[in-house]
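# Understanding the architecture of this molecule
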Amino acid sequence: QLTLVESGGGSVQPGESLTLSCTGSGFALDGYSIGWFRQAPGKEREGVSYIDRSGGFTRVADSVRGRFTIARDNARNSVTLQMDNLKPEETGVYYCAALTWNGFGWNDPRGYGDWGQGTQVDVSL
């Protein structure tokens with residue numbers, strides 16, 4: 001069982017930035033590929049970004065390319081998601097998750113067996 005904790009969410013206006021963190025509790029986060037997902041009310045959970053164990057292979061959703069950056073901060077046992085120029089449609093609960101199952105794409109929740117509790121991001125005027 002892996003425990004992950006998200007932090008850094010909050011309320012911002014469109015065009016502003018937030019940085020989210022995903023921290024492992026009691027285990028080394030760099031032992032797992034990590035995904036960030038977003039879920040808005042009434043919508044399917046969707047993949048936002050991904051980073052492999054080494055930090056050398058990353059993915060971002062097309063909709064956030066050029067604005068979101070994922071990185072590892074191993075000194076803090078964490079993975080960060082820097083979100084710049086946020087848009088209202090990017091409001092939702094952001095979850096980080098550890099990849100634990102083979103056979104699914106990076107943005108498929110079915111491959112992730114351990115999830116954090118989520119952190120709320122609100123982008124509105």
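To be clear, the structure that these remarks concern was listed above.
What counts, and where the lines are drawn
Residues numbered from 1 in each chain as written. Predicted model: local features only at pLDDT ≥ 70, side-chain atom pairs only at ≥ 80, totals over all residues. Heavy atoms only, no water. Helix = DSSP H or I, 4+ residues; strand = E, 2+ residues; numbered from the N terminus. Polar contact = N/O pair within 3.5 Å; in protein donor to acceptor, adjacent residues only side chain to side chain. Core = buried A, V, L, I, M, F, W, Y, C linked by side-chain atoms within 4.5 Å. Buried < 20%, exposed > 50% of the residue type's maximum accessible area, 1.4 Å probe, protein only. Contact = heavy atoms within 4.5 Å.

Here T119 lies in strand β11 (residues 119-123). Reaching out from T119, the side chain makes a polar contact with the backbone nitrogen of G9 at a distance of 3.2 Å.

Here we come to the nonpolar core. Counting 26 residues, the largest nonpolar core has L4, I34, W36, F68, L81, M83 and Y94 as the members making the most contacts within it. When residues of this core are traced back to their parent elements, those giving at least two are β3 (18-25), β4 (34-39), β5 (46-51), β7 (68-73), β8 (78-83), β9 (92-99) and β11. Ignoring anything within four residues of it in the chain, the contact list for M83 reads E16, S17, L18, L20, R67, F68, Y94 and V121.

What follows concerns unusual backbone geometry. In the Ramachandran plot, N77 falls in the positive-phi region, its phi being about 55° despite a non-glycine side chain. The exposure class assigned to N77 is partly exposed, which follows from its relative accessible area of 22%. Unlike most non-glycine residues, N85 shows phi in positive territory, near 50°. Among the secondary structure elements, N85 is positioned in the loop between β8 and β9.

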